[in-house]
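# Reading the structure
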Amino acid sequence: MKLDRRDLLKGAVTLGAATLMSGAVAKTKAMKILVLGGTGFIGPHFVESALARGHQITLFNRGRTNKEMFPAATKLVGDRDGGLDALKKGEWDVVLDNSGYVPRHVKDSASLLKGRVGRYLFTSSVAAYDVVPDRLPMGATSTLKVLAEPGSENVGKYYGDLKAVAEGYVTDIYGDAATIVRPTYVAGPGDGTQRFTWWVDRIHRGGDILAPGAPLASYSLIDVRDLAEFYLTLIENNTAGTFNAAGPAGTFNWGGLLNGIRATTSTEVRFHWADSKFLLSQNVNGRELPMWNPGSEAINSLLWEYETSVAAGLRFRSLATTAMDTRAWHRTLTTKQQLFTRAGIDSKKEAQVLAALNTKRS
Ligand SMILES: NC(=O)c1ccc[n+]([C@@H]2O[C@H](COP(=O)([O-])OP(=O)(O)OC[C@H]3O[C@@H](n4cnc5c(N)ncnc54)[C@H](OP(=O)(O)O)[C@@H]3O)[C@@H](O)[C@H]2O)c1
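Residues numbered from 1 in each chain as written. Predicted model: local features only at pLDDT ≥ 70, side-chain atom pairs only at ≥ 80, totals over all residues.

Okay, the packing of helix α3 (residues 103–113) against helix α4 (residues 155–174) next. Running from amino to carboxyl end, α3 crosses α4 at an angle of 15 degrees, the nearest separation of the two axes being 8 Å. In terms of axis orientation, α3 runs roughly parallel to α4. For the element pair α3 and α4, the recorded crossing hand is right-handed. Along its contact with α3, which presents Pro103, Val106, Lys107, Ala110 and Ser111, the element α4 presents Leu162, Val165, Ala166, Tyr169, Val170, Ile173 and Tyr174. (Axes fitted to C-alpha atoms, helices over the stretch in contact; angles between N-to-C directions. Helix = DSSP H or I, 4+ residues; strand = E, 2+ residues; numbered from the N terminus. Parallel < 35°, antiparallel > 145°, perpendicular 65-115°, else oblique. Left-handed = near helix turned anticlockwise from the far one by under 90°. Contact = placed C-beta atoms within 7 Å.)

Here it is as structure tokens:
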């Protein structure tokens, strides 16, 4: 089943706006911001926050996803893959490239806009890092992946590698006017991937829960609203550089994540930890137990450097807030939309794997 993104986001944006409006909002000079994308998950939170702060937003996308969103924004229709005519005119203070996966697309838009935008902010990913366990944490100067098949545009196979290549184009073309943000897992209201949302739901259902990997395995995530506000802070301060968007501050682990969600429910919960080797032998995969990376229990120290980002203005709301708001948003969806079709293990298989784990241990 394909979730209806319009309904999916209806609650998300309301929640995001409510959060923003409840806090003290600094007055800044209104800026002209071009967003490549803007109507998926991260984009709407950013656009909502930017509009609330008085900025002028232009959206560039194909007009397919949530096209009724943001009537107050100027809308340019086109395709990153060879359809950039709508971007041939116009000037903006900054462009947020939030939909760049294929390096060629990023290079094309970065080149076309050169001289007409003051800053190019590119959404990359921590997947761009070539993670070396004895060189943690990974940060701005760490080594990135190298695309094994030069010229490949296979995003499914080389997501992180392609982000690394795309970053290179942005930095080459914009120099000090480039800002790169590498988020880790993004969670919160409106997340159509269902990954974090599934864990919140599963833990609230309670009982015996198959917990993958090890509680001490290093872990991080970022609330989508913290990411959106970080983008705005970087834009308003005209900040150059490369930043991770991963939280919370300090070393955080997978056990902290699951137990942090558990703290938001009064349901009785019993976690049963199973290592990656066992789970793989049971044919359990990372889609069924989302956000678990097989083998990740080997890494117990901080993965992603965060202090540079905090110094630049990144702030983290509590995991409990992310969990409770995600649950509240999920419950605004229709019964059909609430079904987990993109992430999660079915109850029967979970029970079977738990039984096998019990047998192994007895
Ligand atoms: N979610 C995570 O955990 C996570 C983690 C790390 C990094 N990221 C990064 O976050 C970004 C995605 O965030 P999001 O999905 O929330 O973005 P978004 O900006 O909210 O939505 C994606 C936008 O891209 C547009 N789009 C898609 N294909 C297009 C094309 N060929 N030409 C023009 N526009 C196109 C879509 O509109 P149309 O369909 O109407 O064109 C939509 O507006 C990506 O760069 C991703 O790598 C995400």
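After that view of the structure, there is still more to cover.
Turning our attention to the nonpolar core. By size, the foremost hydrophobic cluster in this structure holds 86 residues, and its most contacted members are Ile33, Val95, Leu121, Val170 and Tyr231. Ranked by the residues each element gives to this core, the list is headed by helix α6 (residues 224–236), at 8 residues. In this structure Leu121 touches Val94, Val95, Leu96, Asp97, Thr179, Val181, Tyr231, Leu234 and Ile235, once residues within four positions along its chain are discounted. (Core = buried A, V, L, I, M, F, W, Y, C linked by C-beta atoms within 7 Å. Buried ≥ 20, exposed ≤ 12 C-beta atoms within 10 Å, placed from the backbone.)

On to the environment of Ile209. Along the polypeptide, Ile209 turns up in strand β8 (residues 207–212). By C-beta crowding, Ile209 is classed as partly exposed, having 19 other C-beta atoms within 10 Å. On a C-alpha basis, the gap between Ile209 and Pro44 in space is 33 Å, while along the polypeptide they are 165 residues apart. Residues contacting Ile209, with those up to four places away along its chain left out, are Arg202, Ile203, Val269, Arg270, Phe271 and His272.

It is worth spelling out the site of the ligand at this point. Surveying the vicinity of the ligand reveals 24 residues, the closest of which are Gly37, Gly40, Phe41, Gly43 and Arg62. At the level of secondary structure, the elements contributing two or more residues to the shell around the ligand comprise α2 (42–52) and β7 (185–187). Here the element with the most residues in the shell around the ligand is α2; it accounts for 3 residues. Across the shell around the ligand, the residue classes break down as 6 nonpolar, 13 polar and 5 charged. (Near = placed C-beta within 6 Å. Nonpolar A, V, L, I, M, F, W, Y, C, P; charged D, E, K, R; others polar.)

Turning next to α3. Within α3 the residues assigned to the buried category are Pro103, His105, Val106, Ser109, Ala110 and Leu113. Down the axis of α3, the buried side of the element spans an arc of 160 degrees, and every buried residue falls inside it. Those residues of α3 that are buried are in contact with β1 (32–36), β4 (92–97), β5 (117–123) and α4. Immediately beyond the C-terminal end of α3, within one or two residues, lies Gly115, with a positive phi of roughly 90 degrees. (Arc of directions from axis to C-beta.)

On to α2. Most of α2 sits inside the fold, with 9 of its 11 residues counted as buried. Buried residues of α2: Ile42, Gly43, Pro44, His45, Phe46, Val47, Glu48, Ser49 and Ala50, and no others. Taken from the residues just after α2, Gly54 is the one with a positive phi, measuring 90 degrees.

By the criterion of burial, β1 is predominantly enclosed, with 4 of the 5 residues buried. In terms of strand pairing, β1 meets strand β2 (residues 56–61) through 5 bridges, oriented parallel. Across the sheet, residue Ile33 finds its bridge partner in β2, namely Ile57. Each parallel crossover has a hand, and the one from β1 via α2 to β2 is right-handed. (Pairing = 2+ DSSP bridges. Right-handed = clockwise from strand over helix to strand, strands pointing away.)

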